[in-house]
Structure formats: C-alpha cells, structure tokens
Amino acid sequence: SKVYVEKDVRDVLPKLAERSRLGVVSNFMVKNGIEELLELTGLKRYFDFAITSINEGWRKPHPAIFTAAVEKTGVRPDEIVMFGDDLVNDYHGGRNAGIKTVLLDRYGKQDAIKERVRDFYEFEDLLSKGIQE
C-alpha cells in the first residue's frame, strides 16, 4: 500500500524501454519481491530482467552482482549505463565494475558528483546527448 511510482518515472520509462534493454539490479532480499513490485506498479513490462541479491548471493556494491547483470545483457560493461539513487551501492558500485553510471540525486545532496541528475527527465535528456566519461 505504500509503493508508488513518481510521475517522471512513469513518463520516461516507456520511452527508455523502446530504445534500450532495461534491467533491475537490486539488494532486495525477498524472493521474487522485485518482480512482484514491478508487476503491482505496472512497470514489469518495461524490464527485460531483474538481478537480485537474494538470487545472486552478493549485495551491491560487490562487483559480482554487477557482473551477473552484465552477463545478462550480453554486452560489454562500457556499453551499459546504470542509473541508481544510492551513492555507494549504485554509483560507486557500478563504476567500480566498469559501467558508466549516473546518480539519481533528487534532493541535490551530491554536488561533487558530475554524473548526476535530479529526475528521470534529466536522465532521458542526458542519454540523448550522450554520456561523457
């Protein structure tokens, strides 16, 4: 009852799914929990896969969970863009695994991070311009 999806996510996710394969990498510790949440929120149709710590045995930021995600995509790590809202687990974890990473910083707390956006609209714009490393 407390699960909700922000408007920017609902607006942008379908567009991203049209042009890219999307996946979820999560530390969620309930078997099939992420898949159930995606189903309940109507977002599951946009994602090609979900990698979870409960199934992989590793939690972000450990490189093994990112390696599992990279393997699932079938492309090289440098061809992937990870988008997450946790500085350590997502941003640093992804970068340490060789993945281009963008931080979702909705509240503007991470001014030192260059690759950050405030919402999904900015992320979509950044992708269309190209991410520079």
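Before going into details, it helps to say that this report is about the structure given with it. Not measured: the values here are computed from a predicted model.

Right, let's get into the sheet that holds strand 4 (residues 100-104). Judged by pairing direction, the sheet is parallel, and its three strands sit side by side in the order 3-4-5 without closing on themselves. Of all the strands in the sheet, the pair left with one neighbour each is strand 3 (81-84) and strand 5 (116-117).

Inspection of the secondary structure assignment puts K44 in the loop between helix 2 (33-40) and strand 2 (49-52). Residue K44 is classed as partly exposed on the basis of its relative accessible area, which comes to 38%. The sequence separation of K44 and F28 amounts to 16 residues, and the corresponding C-alpha distance is 16 Å.

So, about the packing of helix 1 (residues 7-19) against helix 6 (residues 120-129). Look at helix 1 against helix 6: their axes get within 8 Å of each other, and the N-to-C directions meet at 25°. Taken together, helix 1 and helix 6 sit at an angle that is classed as roughly parallel. The residues of helix 6 that touch helix 1, namely those facing K7, D8, V9, D11, V12, K15, L16 and R19, are F120, Y121, F123, E124, L127 and S128. Looking at the contact of helix 1 with helix 6 residue by residue, the classes come out as seven nonpolar, one polar and six charged.

Turning our attention to the pattern of salt bridges. Using the criterion set out here, one finds eight salt bridges in the structure. D78 is the salt-bridge partner of R76, the closest N and O atoms lying 3.0 Å from each other. As a salt-bridge pair, D125 and K129 come within 3.2 Å of each other at their nearest N and O atoms. Here K129 and D125 lie together in helix 6, a separation of four residues that amounts to about one turn. Within this structure, D105, D111 and R116 form a network of salt bridges that share partners.

What follows deals with the nonpolar core. Core analysis: the largest hydrophobic core is formed by 17 residues, its most contacted members being V9, L13 and L43. For this core, the secondary structure elements donating two or more residues are helix 1, helix 2, strand 4 and helix 6. Looking at which element gives the most residues to this core, the answer is helix 1, with four residues. Of all hydrophobic cores here, the second largest spans 11 residues; its members include A69, V70, I80 and M82.

Another point: the side chain of D90. On the secondary structure map, D90 appears in helix 5 (residues 87-96). A distance of 2.6 Å separates polar atoms of two side chains, one belonging to D90 and the other to K60. Within the structure, D90 has its side chain in polar contact with the backbone nitrogen of D85 (distance 3.1 Å). Every residue in contact with D90, bar those within four places of it in the chain, is listed here: K60, F66, M82, G84, D85 and T101.

For D8, the position within the fold is in helix 1. The class for D8 is buried, based on a relative accessible area of 6%. A sequence separation of 34 residues divides D8 from G42, and the C-alpha atoms of the two residues are 15 Å apart. Those residues in contact with D8 that sit more than four places away from it in its chain are R106, D119, F120 and Y121. One polar contact links the side chain of D8 to the main-chain amide nitrogen of F120, over a distance of 2.7 Å.

Reading guide: rules and limits
- Residues numbered from 1 in each chain as written.
- Predicted model: local features only at pLDDT ≥ 70, side-chain atom pairs only at ≥ 80, totals over all residues.
- Heavy atoms only, no water.
- Pairing = 2+ DSSP bridges.
- Helix = DSSP H or I, 4+ residues; strand = E, 2+ residues; numbered from the N terminus.
- Buried < 20%, exposed > 50% of the residue type's maximum accessible area, 1.4 Å probe, protein only.
- Axes fitted to C-alpha atoms, helices over the stretch in contact; angles between N-to-C directions.
- Parallel < 35°, antiparallel > 145°, perpendicular 65-115°, else oblique.
- Contact = heavy atoms within 4.5 Å.
- Nonpolar A, V, L, I, M, F, W, Y, C, P; charged D, E, K, R; others polar.
- Salt bridge = Lys/Arg side-chain N within 4 Å of Asp/Glu carboxyl O.
- Core = buried A, V, L, I, M, F, W, Y, C linked by side-chain atoms within 4.5 Å.
- Polar contact = N/O pair within 3.5 Å; in protein donor to acceptor, adjacent residues only side chain to side chain.

Read these as layout, nothing more, since geometry by itself doesn't imply function.
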